[in-house]
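Here's the letter readout for the chains.
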Amino acid sequence: MWLKSFIVASLLQVSVVTAAQAAGPFGSVKIGNWVGGAFSNDERGAFSHCAATAPYANGVILVVGQNAGGSWILSFASPSYRFKQGENAAIDVIFDGQEQARLFATANQTNMLSSVMPANVVRTFQKASLMVATSGRTVLNFDLTSAGPVIAALANCVTKVKADGLDKAGDFTKIAAKPQPAPDKQGPPANGSKPARAKSGTGFVVSASGHVVTNNHVINGCVGDIKGNLTGEAGMVLRVVSSDANNDLALLQAPSTTTFKEFARIRDRSIRSGDSVVAIGFPFHGLLTSDFTVTTGIVSSLSGMRNDSRFLQISAPVQPGNSGGPLFDTTGQIVGVVTGKLDGLRMAAATGNIPENINFAIKTGALRDFLDNSVVPYQTAEPKGEIKTTDIAGNARPYTMLISCNGIEQADAKR
């Protein structure tokens, strides 16, 4: 009984406006363990918000709601919480081990932290299966299996109540099905291709305007949006500006509302064989860490396969997912774009020997030609003084991105 009372109190409190005269629920939202409806919260009984809650075994009740103004609120409530009214807290959330965001919550009540959810976080919340929330030393897991229909029902609740009033509130989970436009319908895969699957690589920002460099093979075959994620931040949709399949380069751009104070600088001197290098990227994303990884090595050769002078051969270990990532010298300047590694199984079949640690990167000459042709205002820098690998990685964090999409792999794609 106490839990039911606390859930109702949490529903009433989720509005960003005072809940002193709150009333409800009007109508209903019942999906899985989520329950809720529409609420009013002033003396006149005017509509305030729609909200739903779900209790979890970790002792926290998750509350999600949309107010009459269209803002989405995410709250964490528990009878054991003892916050000071107005106390603030940063909550880092990770969805399905990939999409990340930082929410800034306030204790409007002693037993609840509430935060406004940006639209991009709401979209991710709606699609995710698992959310991990971290604040200080507290780490909590939340199953979001039913979150998609709950968000849809709450949006429907707000729309209907604003149009018809609280007195006509009903079952907000009943949403009229909308016919899908023909272009959204996907037929069977074309001959020689496989069904769409998640694919990912790495990219790095080269201008304050948000131009992002990656490999062409990272985005080739992408279906739908291409997303870029800086570590610890919400993802953004990137548009393709240009691509060069011959040199395996692609240029993407962040939304026009996004600016970057930090971005990569390209070394203006040739690197030498034997020089040390640092590779940064997101290998095996979803299986390994959600953060980028850092590997070190040397320039083994100033040419690639069959003396291809567009490439460097490097000993810094790279794996699937490193493609498109930055290759740095010891001063922190870009000396190449990681593009791949020698196929050990094919070489073993051809020669009887398994090659070890033979990897390749595109030289800055090809990169600069590509950026010049795309009219990108990149910057170069002269290598001056060596810095620690930890500092190179720290400096790269604000502009090194996970690049991901759903893609169709062509049967004859080069490996």
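Keep in mind that what you see is a predicted model, and the values were worked out from it rather than measured.

Draft legend 1. View of the state of the cysteines. Inspection of every chain in the model, using the stated rule, returns two disulfides. The disulfide bridge from Cys50 ends at Cys157, spanning 1.9 Å between sulfur atoms. Because the torsion about its S-S bond is -75°, the bridge between Cys50 and Cys157 counts as left-handed. Of this pair, Cys50 sits in strand β3 (residues 47-55) while Cys157 sits in helix α3 (residues 147-164); the two residues are 107 residues apart in sequence, bridging distant segments of the chain.

Draft legend 2. Seen up close, empty space enclosed by the protein. What the rule picks out here adds up to two cavities of 30 Å³ or more. By volume, the largest cavity is sized at about 50 Å³. Here the residues of the lining of the largest cavity are counted per class, giving three nonpolar, six polar and no charged. If you go around the second largest cavity, the residues you meet are Phe95, Glu99, Gln100, Ala101, Asn120, Val121, Thr124, Ala234 and Gly235. For the lining of the second largest cavity, the secondary-structure elements that each account for two or more residues are β7 (99-109) and α2 (119-127). By residue class, the composition of the lining of the second largest cavity is four nonpolar, four polar and one charged.

Draft legend 3. Expanded view of the packing of aromatic side chains. One pass over the full model with this rule turns up five aromatic pairs. Ring plane angle 85° and centroid distance 6.4 Å describe the contact between Phe95 and Phe125, whose orientation is recorded as edge-to-face. In this pair, Phe95 is assigned in strand β6 (residues 88-95) and Phe125 in helix α2, connecting sequence segments 30 residues apart. No difference in accessibility class separates Phe95 from Phe125, as the two residues are buried. Seen in terms of ring centroids, Phe282 and Phe292 are 6.2 Å apart; in terms of plane orientation they differ by 70°. Their pairing is edge-to-face. Of the two residues, Phe282 is situated in the loop between β17 (276-281) and β18 (293-301) and Phe292 in the loop between β17 and β18; the sequence distance between them amounts to ten residues. For Phe292, a relative accessible area of 7% gives the class buried. An aromatic cluster of three or more residues is present, and its members are Tyr56, Phe76 and Phe142. The positively charged end of Arg265 is found above the aromatic ring belonging to Phe263, 4.1 Å away from the centroid. The ring of Phe292 carries Arg397 above its face, with NZ or CZ at 4.5 Å from the centroid.

Draft legend 4. View of the layout of surface pockets. By volume, the second largest pocket amounts to about 770 Å³. Along the wall of the second largest pocket there are 23 residues; nearest its centre are Gln98, Glu99, Lys127, Lys227 and Ser404. Those elements that provide at least two residues to the lining of the second largest pocket are α2, β11 (197-205), β13 (222-230), β14 (236-244) and β24 (400-407). Here the lining of the second largest pocket is composed, by residue class, of seven nonpolar, nine polar and seven charged.

The rules behind the values
Residues numbered from 1 in each chain as written. Predicted model: local features only at pLDDT ≥ 70, side-chain atom pairs only at ≥ 80, totals over all residues. Heavy atoms only, no water. Disulfide = S-S within 2.5 Å. Helix = DSSP H or I, 4+ residues; strand = E, 2+ residues; numbered from the N terminus. 1 Å grid on protein atoms, 1.4 Å probe; cavity = no way out; pocket = protein on both sides within 12 Å on 5 of 7 lines; lining within 4 Å. Points joined across faces, edges and corners; volume = space filled by probe spheres on them. Nonpolar A, V, L, I, M, F, W, Y, C, P; charged D, E, K, R; others polar. Phe/Tyr/Trp six-rings, centres within 6.5 Å; stacked < 30°, edge-to-face > 60°. Buried < 20%, exposed > 50% of the residue type's maximum accessible area, 1.4 Å probe, protein only. Lys NZ or Arg CZ within 6 Å of the ring centre and 35° of its normal.

Geometric descriptors of this kind do not, in isolation, establish any biological role.
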